[in-house]
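# Overview (structure and organization)
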Amino acid sequence: MTANNNAGFNTRAVHAGQAFEPRTGAVVPPLHFSTTYAQDGIGNLRSGYEYGRGGNPTRDALQEQLAALEGGSAAFSFGSGLAAEDSLIRAIARPGDHIVLGNDAYGGTYRLINRVLGDWGIGNTPVDMSDLDAVATAVAANKTRIVWVETPSNPMMKITDIEALAAVAHDAGALLVVDNTFASPYLQTPLALGADVVVHSTTKYIGGHSDVVGGALVVKDAGLAEKIGFIQFAVGAVSGPMDAFLTTRGLKTLGVRMDRHSENGQAVAEWLLQRPEVEAVLYPGLPDHPGHDLAAKQMKSFGGMVSVQFKGGEAAARTVAENTTVFTLAESLGGIESLMNYPSEMTHASVKGTELAVPVNLLRLSCGIEDAEDLIADLEQAFAKIG
Ligand SMILES: *Cc1c(COP(=O)(O)O)cnc(C)c1O
């Protein structure tokens, strides 16, 4: 079957873009590796396909699935999250334009905007996105074209009111871009709250199995879709067919995985909160998190990402990071296996010494889909090694 956009999330995840193959009836659409397509006479294409950079059926299937899940009119798949971000900014910003972004944005996003696109004349101002007055002031100070937010943010787990931020951006004639990597469309759909563009590193929850790098953009507006589509084709940072296939396969089970990630995140956060070694637990599912009520309103549940700060400072954080056996010490997040990351030297090393720097006593946990008791037992034995 195919799914219409009124079907439930999991029905859309399994069926959107996934109609069976008409010739053989193959239930899983075949993976198309061909780079080029036979023409029945010059320019007479069989079903619109001409050359692999411009269009590929396997990539199209993923794009249709992504658009259906985020509630967009169009989606675009790229070779990585940063490739998607770069193409987006080229599509909508010009020299002299300005980007206002969260002061705890993903380190690679800040590096792209500040160190690469800065040289092309695009300015930026990092601000605390949970402070809407500060955002409005920063937006008004320049020719702001883009307001860029991650919520929950990485790794400080701050929550921003997407609907209110969209109003601030639109009042100033800017577009609101939401990096929805941490929440995924199962937990939060920013386009429905007024955002103009959703960005994903599909490497994380959408792929979900730590075996494929990719990125995506999803939009509602047809004019914006046309601009992005042109850049995707003209710049060519597209995802390959195998990557698109793996991402589609992961995306089909997003809902069931996210339910477990959220359960495990909540269990781990509540356990951490009881521990004497812990200075702070940053998890929006905890009632005393400053963004708890807002997160409860704009998210379905609170996800699998938990950050924790230690009273014993950097030494305690390093001891735990280097002594777990179920949690693997590694970059990245969002896979079925639990990962632990020390942001100030790993994912966020590129923002060390800037105002986006992450506290040295902080560990970021990506809670996988293992059994919660095993995750907690693993943390308990690592905590016992803190001196
Ligand atoms: C990983 C990540 C990115 C960058 O995506 P890549 O696929 O690594 O290029 C962007 N934003 C967030 C929130 C991320 O976690």
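The coordinates are above.
Let me sum up the structure you'll find in this document.

### Considering the overall build of the chain
The helix and strand tally for the chain stands at 13 helices and 12 strands. Relative to its length of 387 residues, the chain is compact, with a C-alpha radius of gyration of 21 Å against a globular reference of 21 Å. With the principal axes as the frame, the chain shows a C-alpha extent of 75 × 50 × 35 Å. Going through the 387 residues of the chain one by one, you find that 56% of them count as buried. Restricting to contacts in the chain with at least 6 residues of sequence separation, those with at least 24 account for 70%. Surface exposure of the chain reaches about 15,700 Å², of which carbon and sulfur atoms provide 53%. Where the 27 positive side-chain charges of the chain centre and where its 43 negative ones centre are 6 Å apart.

### What to know about helix α13 (residues 372-383)
Here α13 spans 16 Å end to end across 12 residues, near enough to the 16 Å set by a 1.5 Å rise per residue. Within the sequence span of α13, burial applies to A372, L375, I376, D378, L379, A382 and F383. The arc enclosing the buried residues of α13, seen along the axis, measures out at 155 degrees, which places them on a common side. Against α10 (254-273), β8 (278-282), β9 (305-310), α12 (313-321), β11 (339-341) and β12 (362-366) lie the buried residues of α13.

### Some points on the site of the ligand
Around the ligand, 14 residues are found, and the nearest of them are L82, D179, S201, T203 and K204. Take S201: an N or O atom from its side chain is 2.8 Å from an oxygen atom of the ligand. In the environment of the ligand, an oxygen atom lies 2.7 Å from a nitrogen or oxygen atom belonging to the side chain of K204. A class-by-class count of the residues in the shell around the ligand yields 3 nonpolar, 7 polar and 4 charged.

### So, unusual backbone geometry
A cis amide bond links T151 with the next residue in sequence, P152, at an omega value of -5 degrees. At the junction of N154 and P155, the peptide bond is cis and its omega measures out at 5 degrees in the coordinates. Along the polypeptide, P155 turns up in the loop between β4 (144-150) and α6 (162-171). One non-glycine residue with positive phi stands out, namely M157, at about 60 degrees.

### What to know about helix α9 (residues 241-252)
Its 12 residues give α9 an end-to-end C-alpha distance of 17 Å, which sits within 8% of 16 Å, the value for a rise of 1.5 Å per residue. Those residues of α9 that fall on the buried side of the exposure criterion are A244, L246, T247, T248, G250 and L251. In the core, the buried residues of α9 are packed alongside α1 (9-15), α2 (57-70) and α10.

### With respect to the pairing of strand β2 (residues 98-102)
Of all 5 residues in β2, 5 are buried; the element is thus mostly enclosed. Bridge count for β2 against strand β3 (residues 123-127) is 5 bridges, and the pairing is parallel. Its bridge partner being in β3, V100 is matched across the sheet by T125. With helix α4 (residues 107-116) bridging β2 and the parallel β3, this β-α-β connection has right-handed handedness. Pairing of β2 with β4 involves 4 bridges; the strand directions are parallel. Across the sheet, residue V100 finds its bridge partner in β4, namely V147.

### What to know about the sheet that holds β12
Spatially, 5 strands are ordered β8-β9-β12-β11-β10 in an open sheet, and the strand pairing comes out mixed. Of all the strands in the sheet, just β8 and β10 (328-329) have a single pairing partner and so form its edges.

### As for the pattern of salt bridges
Within this structure, the stated rule accounts for 9 salt bridges. Its salt-bridge partner being K158, residue D128 comes within 3.8 Å of it at the nearest N-O pair. On the criterion of sequence distance, the pair formed by D128 in the loop between β3 and α5 (132-140) and K158 in the loop between β4 and α6 is long-range, its members being 30 residues apart. Under the relative-accessibility criterion, D128 is labelled partly exposed at 24%. A relative accessible area of 27% places K158 in the partly exposed class. One salt bridge connects E277 with R275, and the closest N-O pair in it is separated by 2.8 Å. R275 shares its class with E277; the two are buried.

About the thresholds
Residues numbered from 1 in each chain as written. Predicted model: local features only at pLDDT ≥ 70, side-chain atom pairs only at ≥ 80, totals over all residues. Heavy atoms only, no water. Helix = DSSP H or I, 4+ residues; strand = E, 2+ residues; numbered from the N terminus. Rg over C-alpha atoms; globule rule 2.2 N^0.38 Å. Buried < 20%, exposed > 50% of the residue type's maximum accessible area, 1.4 Å probe, protein only. Contact = heavy atoms within 4.5 Å. Areas by Shrake-Rupley, 256 points an atom, 1.4 Å probe, with all protein chains shown as cover. Lys, Arg positive; Asp, Glu negative; His and termini not counted. Charge placed at Lys NZ, Arg CZ, Asp CG, Glu CD. Expected span 1.5 Å × (residues − 1). Arc of directions from axis to C-beta. Near = heavy atom within 4 Å. Polar contact = N/O pair within 3.5 Å; in protein donor to acceptor, adjacent residues only side chain to side chain. Nonpolar A, V, L, I, M, F, W, Y, C, P; charged D, E, K, R; others polar. Pairing = 2+ DSSP bridges. Right-handed = clockwise from strand over helix to strand, strands pointing away. Salt bridge = Lys/Arg side-chain N within 4 Å of Asp/Glu carboxyl O.

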